[in-house]
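Structural features, examined
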Protein chains: 2
Amino acid sequence: MILVADNLTITNPIVEMAIQDMNPEPIQGLVSRCAAAGAEAIDINPGPLTRDPDRRMRFLVEAVQSAADLPILLDTANPAALKAGLETVRGKAIINGFSLEPAKLESILPLAGRYDADIIGYLLYPNSHVPTDEAERLNIAVELFGAFQQTGFPEDRLIIDPVIAPLMWENGHQQDMAILSVLRSLPDLLGFPVRTIAGVSNLITGPGPKDRKLLVEAAYLPMLAASGLTYGLLNVFHTESMRVARACNALMDPKIFTWEGLPDPISS
Amino acid sequence: MILVADNLTITNPIVEMAIQDMNPEPIQGLVSRCAAAGAEAIDINPGPLTRDPDRRMRFLVEAVQSAADLPILLDTANPAALKAGLETVRGKAIINGFSLEPAKLESILPLAGRYDADIIGYLLYPNSHVPTDEAERLNIAVELFGAFQQTGFPEDRLIIDPVIAPLMWENGHQQDMAILSVLRSLPDLLGFPVRTIAGVSNLITGPGPKDRKLLVEAAYLPMLAASGLTYGLLNVFHTESMRVARACNALMDPKIFTWEGLPDPISS
């Protein structure tokens, strides 16, 4: 499981302020701390960027790239911002992402071809509603893959996001258990070893005691890992989650297991 | 996942001494602490009990039953001790366990019928060697179920133990990942919702830094839970493992999820 930081988001006041001021330093500091915490990729989530999308996304990508040499996910529904980001990313970018929503099929999916990028597809209905069970998710996966195939892009460009349900939803935890089967079923269903990503922070969004939220996140992560999740998108400052995720990687690594491969104890 | 304490074992000097002295108090104290830590059943592992097996097993079962009203697993390969235990357990006991080893098929398996007990079957070769991959484990499961069926006992009496491999073994972690698929496959393979148990402490047996061992245990437990494990046999004094296990149970519970159902933070 590759650990992607979801920390660079517009909902973080540091990020919001830095974008407003076009000041790269707070972004660089945040990215450096993410890298030090074990982030292996950075998701840039600037929100819809209604004002100045090109200039602001370029600014963000440049700030991130100047702080760490990590893969970048461009996480916005604004096509203009996406294009600017894709032009600025040095390596191969990941577009985050498209769905069966007509506007996204039309204006976001084609960018993966034009900019030679990987692209994440969400298992959501065309109206952006979340499917409610395993069968619905698998049906949507087939439709989504069908839409992707019509572009003619190589299938290994596609990354599927089953969309984790918040536990605050009435049946959220049941959906999140169903997502584990979905992750295991996708390669057989689509006929190739499709990569997957999940936004783990979704799980514990909303009210709830912080300590218990972190506990549940640390319990759910190994379930996702064992179900074959390729990318875990999470708050990399959740130290226990990161330690557990790295322990999962050591367990799942085909190489010889060594205790040295595991993270150090948390210094308290 | 039902949490079974493996703490009442002959390798614990408190237990060894108490058996020698036939002194119930240390056993009662240990069992009370296990119950307070969240144990939902107690595995009594007195070793081979070469001297005085009947009297000693009776003593142990009585001591445990006087301290807590919890289901009991009788964990010995000594048939005389097993019989004494089965006669003393008040509720329904679980025999832990038999395998394809001829002596066990002959002298342990029949006890499940004679004493109306559940019984654990290990996925081991007749010579007690551990199978080395998923296919071997599934073949052994079929053979073991065949041997069990010959007794005519109802199939829901059988509990299967896939035998967790220690990480200190050269390919132990690969085997432990294969065990997850085995757990998921068993119900379809055998044609009924077979219960399963795993000795989680096996994972981290041997040398290694304690903190990292506990981390790996806490990472592996949710994988086992998500694979459908019925009983987790573990050291219930591993606080973080127990918290994570209970978080897994909250996630997997078909009832509505509530934060209140989760364990309290560890007071430090």
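Data block above holds the structure.
Structure report, in brief. (Residues numbered from 1 in each chain as written. Chains lettered and ligands numbered in written order. Predicted model: local features only at pLDDT ≥ 70, side-chain atom pairs only at ≥ 80, totals over all residues. Heavy atoms only, no water.)

Bringing the sheet that holds strand E4 (residues 94-98) of chain B into the picture now. All names here are of chain B. Read once around its circumference, the closed barrel built from eight strands follows the order E1-E2-E3-E4-E5-E6-E7-E8, with strand pairing classed as parallel. In this sheet, neighbouring strand axes are inclined to one another by 25° on average, regardless of whether the strands run parallel or antiparallel. Inspection of the sheet shows strand E1 (residues 2-5) paired to strand E8 (residues 231-234) by four bridges, in the parallel sense. The residue bridging Ala5 from the neighbouring strand is Leu234, located in E8. (Pairing = 2+ DSSP bridges. Helix = DSSP H or I, 4+ residues; strand = E, 2+ residues; numbered from the N terminus. Axes fitted to C-alpha atoms, helices over the stretch in contact; angles between N-to-C directions.)

Okay, the interface of chain A and chain B next. Taken residue by residue, the interface counts 41 residues in chain A and 41 residues in chain B. Carbon and sulfur atoms supply 71% of the area buried between chain A and chain B, which totals about 3,500 Å² over both sides. For the chain A face of the interface with chain B, the top three residues by lost area are Arg212, Leu251 and Trp259 of chain A, together amounting to 23%. For the pair chain A and chain B, the interface holds two salt bridges. Two residues, Arg243 of chain B and Asp211 of chain A, come together in a salt bridge whose shortest N-O distance is 2.7 Å. Counting across the chain A and chain B interface gives twelve residue pairs in polar contact (both at pLDDT 80 or more). Looking at the side of chain A that touches chain B, the elements that each hand over two or more residues are helix H8 (172-190), helix H9 (210-226) and helix H10 (239-252) of chain A. Residue contributions to the side of chain A that touches chain B peak at eleven residues, all from H9 of chain A. When its residues are assigned to classes, the side of chain A that touches chain B shows 27 nonpolar, three polar and eleven charged. (Contact = heavy atoms within 4.5 Å. Buried area = accessible area lost by both parts, 1.4 Å probe. Salt bridge = Lys/Arg side-chain N within 4 Å of Asp/Glu carboxyl O. Polar contact = N/O pair within 3.5 Å; in protein donor to acceptor, adjacent residues only side chain to side chain. Nonpolar A, V, L, I, M, F, W, Y, C, P; charged D, E, K, R; others polar.)

This next bit is on the relation of the copies chain A and chain B. With an RMSD of 0.0 Å, the operation that places chain A on chain B is a rotation of 180° combined with a shift of 0.0 Å along the axis. Within this description, the copies of the chain are treated as partners about a two-fold rotation axis. Among all residues of chain A, the minimum C-alpha distance to the rotation axis is found for Met223 of chain A, at 2.5 Å. An overlap of 100% is found between the interface residues of chain A and their copies at the interface of chain B, pointing to a shared contact surface. (Least-squares fit on C-alpha atoms with pLDDT ≥ 70 in both.)

This part is about helix H1 (residues 13-21) of chain A. All names here are of chain A. Those residues of H1 lying buried are Val15, Ala18 and Ile19. Buried residues along H1 cover an arc of 100° about the axis, so they all sit on one side. For H1, the exposed residues lying more than 90 degrees away from the buried face are Pro13 and Gln20. Buried residues belonging to H1 abut helix H2 (24-37) and helix H3 (53-67). Between a side-chain oxygen at the N-terminus of H1 and the backbone nitrogen of Ile14 the separation is 3.0 Å; the capping residue is Asn12. (Buried < 20%, exposed > 50% of the residue type's maximum accessible area, 1.4 Å probe, protein only. Arc of directions from axis to C-beta.)

Okay, the environment of Lys83 of chain B next. Residues and elements named next belong to chain B. Locating Lys83 in the fold gives a position in helix H4 (residues 79-88). C-alpha separation for the pair Lys83 and Gln174, spaced 91 residues apart in sequence, amounts to 37 Å. Lys83 has contacts with Leu111, Arg114 and Tyr115, leaving out every residue within four places of it along the chain.

Next up on the list: the sheet that holds strand E8 (residues 231-234) of chain A. Residues and elements named next belong to chain A. If you walk around this closed barrel you meet the eight strands as E1-E2-E3-E4-E5-E6-E7-E8, and the pairing is parallel. On average, each strand axis in the sheet is tilted by 25° relative to the strand beside it, whichever way the strands run. The pairing of strand E4 (residues 94-98) with strand E5 (residues 118-122) spans four bridges and is parallel. Along E5, the bridge assignment pairs Asn96 with Ile120.

Let us look at the packing of H2 of chain A against H3 of chain A. The angle between the axes and the distance between the axes are what describe a pair of packed helices. All names here are of chain A. Closest axis-to-axis distance for the H2/H3 pair is 8 Å, and the angle between their directions is 50°. On the basis of the axis angle, H2 is oblique to H3. Once H2 is placed against H3, the crossing between them reads as right-handed. Across the interface between the two elements, Pro24, Ile27, Gln28, Val31 and Ser32 of H2 pack against Phe59, Leu60, Ala63, Val64, Ser66 and Ala67 of H3. (Parallel < 35°, antiparallel > 145°, perpendicular 65-115°, else oblique. Left-handed = near helix turned anticlockwise from the far one by under 90°.)

Take the packing of aromatic side chains next. Residues and elements named next belong to chain B. Following the criterion strictly, the structure yields six aromatic pairs over all chains and no others. Taking the centre distance of 6.0 Å and the plane angle of 75° together, the rings of Phe148 and Phe153 count as edge-to-face. The class of Phe148 is buried, set by a relative accessible area of 0%. (Phe/Tyr/Trp six-rings, centres within 6.5 Å; stacked < 30°, edge-to-face > 60°.)

Residue and element names in this part refer to chain B. Its location among the elements puts Gly206 in the loop between strand E7 (195-199) and helix H9 (210-226). Given a relative accessible area of 29%, Gly206 falls into the partly exposed group. When the C-alpha atoms of Gly206 and Ile140 are compared, they prove to be 27 Å apart, with 66 residues separating the residues in sequence. Not counting residues within four places of it along the chain, the set of residues in contact with Gly206 comprises Met168 and Lys213.

Another aspect to go through is the environment of Ser227 of chain B. All names here are of chain B. Here Ser227 shows up in the loop between H9 and E8. Its relative accessible area of 6% is what places Ser227 among the buried residues. C-alpha of Ser227 to C-alpha of Ile179: the two residues are 48 residues apart in sequence and 9.1 Å apart in space. In contact with Ser227, not counting residues within four places along its chain, are Leu180, Leu183 and Arg184.

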